[in-house]
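Reading the structure
Listed here are the chains, written in short residue letters.
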Amino acid sequence: MDSEKKGAASRRVVYLREEGTLRFEVQVCRFDPHARHRHFHPERALAFIREGTSRTVLGTTEHLLGPGMLVHFPPGTPHSCDPQDPSSWRYDMLFLQGPEEPLPFGGPGAVLLPPEERKPLGRLFRELASLRLSPTDREHRFYELLERAAALLGEGIPLEPPLRDPRMLPVETLLRERFREGVSLEELADRAGLSRFHLVRAFRRHAGMPPHAFQTALRINAAKDLLRQGMGVQRVAQETGFFDQSHFAAAFRERCGVRPRDYARGEQVFPIPEGPKGAS
């Protein structure tokens, strides 16, 4: 069995959700390239790369991310990750839906952790994704991870966000208001006073992705929120503007790595894979 088939057979994506006072979600990914689609998250996200390298596009700038790197994505930062070898691509991601107090994070950035920091930080990510922790222990791990991450990222490399174009702000607003029904390129171009061709080019520079991809990202983010609230998959598909449930399920799986019904459970969908020695 070649490495591609072996990786496909071993793909794992795990979600664990804490919806108390902390309000966070941990995603553990193993050999799954679902983040190749350009997307963004409404919440702040921290990624810890355990194994493999990825060509990551942030806005219009390309970066090469590798093992031992910690990456910060502020809310709404468009990006995509294309692993060079999916069979050796593993990372953990923490989505911060809370807490309410200000957090000491700036813009997008990345840092290659010194060897002595990788194991402790990797262990904190993994412990947050464990159902065995008590609420008190989880709170302590959560804030310890945030404190460590903020200090380490302060020594890292800033990543360039997309260039914001004032002409595209009304276009972005229109897409956010009507993403469920969809908006034609002609209407978007009229809003910006541009041709359809120049609209797509300008919006890609502004948002890091073309209008249709931005609309799909909005739909997926809204669907995740509704699924977390307990809404059924069929109704979520209808509420977020997908053609039907099967179309929604396929789009969700491609971008989130799991089926909508598995994501809605908010627990370990698969057993969490053990990290290589020294990385966990």
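For the structure given in this document, a descriptive report is provided here. (Residues numbered from 1 in each chain as written. Predicted model: local features only at pLDDT ≥ 70, side-chain atom pairs only at ≥ 80, totals over all residues. Heavy atoms only, no water.)

Structural notes on the packing of aromatic side chains
This structure, assessed with the given rule, holds ten aromatic pairs. Centroid distance Phe252 to Tyr263: 5.6 Å. Interplanar angle 65 degrees. Geometry classified as edge-to-face. With Phe252 in helix α9 (residues 245-256) and Tyr263 in helix α10 (residues 260-265), the pair connects residues that are eleven residues apart, well separated along the chain. Judged by its relative accessible area of 0%, Tyr263 falls in the buried class. These aromatic residues form a ring-pair network of at least three members: Tyr15, Phe242, Phe248, Phe252 and Tyr263. Above the ring of Phe242, the side-chain terminus of Arg219 is found at 5.9 Å from the ring centroid. (Phe/Tyr/Trp six-rings, centres within 6.5 Å; stacked < 30°, edge-to-face > 60°. Helix = DSSP H or I, 4+ residues; strand = E, 2+ residues; numbered from the N terminus. Buried < 20%, exposed > 50% of the residue type's maximum accessible area, 1.4 Å probe, protein only. Lys NZ or Arg CZ within 6 Å of the ring centre and 35° of its normal.)

Examining the nonpolar core
Residues Val71, Phe248 and Phe252 are the most contacted members of the largest nonpolar core, which totals 33 residues. If you list the elements that add at least two residues to this core, you get β1 (12-18), β3 (44-51), β6 (69-73), β8 (90-96), α7 (211-228), α8 (233-239) and α9. Once residues within four sequence positions are removed from consideration, Phe252 is found in contact with Ile220, Lys224, Leu227, Gly257, Val258, Arg259, Pro260 and Tyr263. Phe24, Phe48, Leu128 and Phe142 belong to the second-largest nonpolar core, a separate cluster that totals 25 residues. (Core = buried A, V, L, I, M, F, W, Y, C linked by side-chain atoms within 4.5 Å. Contact = heavy atoms within 4.5 Å.)

Regarding the sheet that holds strand β2 (residues 24-30)
Strand order in this open sheet of seven strands is β1-β2-β8-β3-β6-β9-β10, and the pairing throughout is antiparallel. Edge strands, defined here as strands with exactly one partner in the open sheet, are β1 and β10 (157-158). Note: strand β9 (residues 109-112) against β10, two bridges, orientation antiparallel. Residue Gly109 lies in a different strand from β10, and its bridge partner there is Pro158. In the packing of helix α3 (residues 135-153) onto the sheet, contacts are made with β1, β2, β3, β6, β8 and β9, and the angle to β8 comes to roughly 105 degrees. (Pairing = 2+ DSSP bridges. Axes fitted to C-alpha atoms, helices over the stretch in contact; angles between N-to-C directions.)

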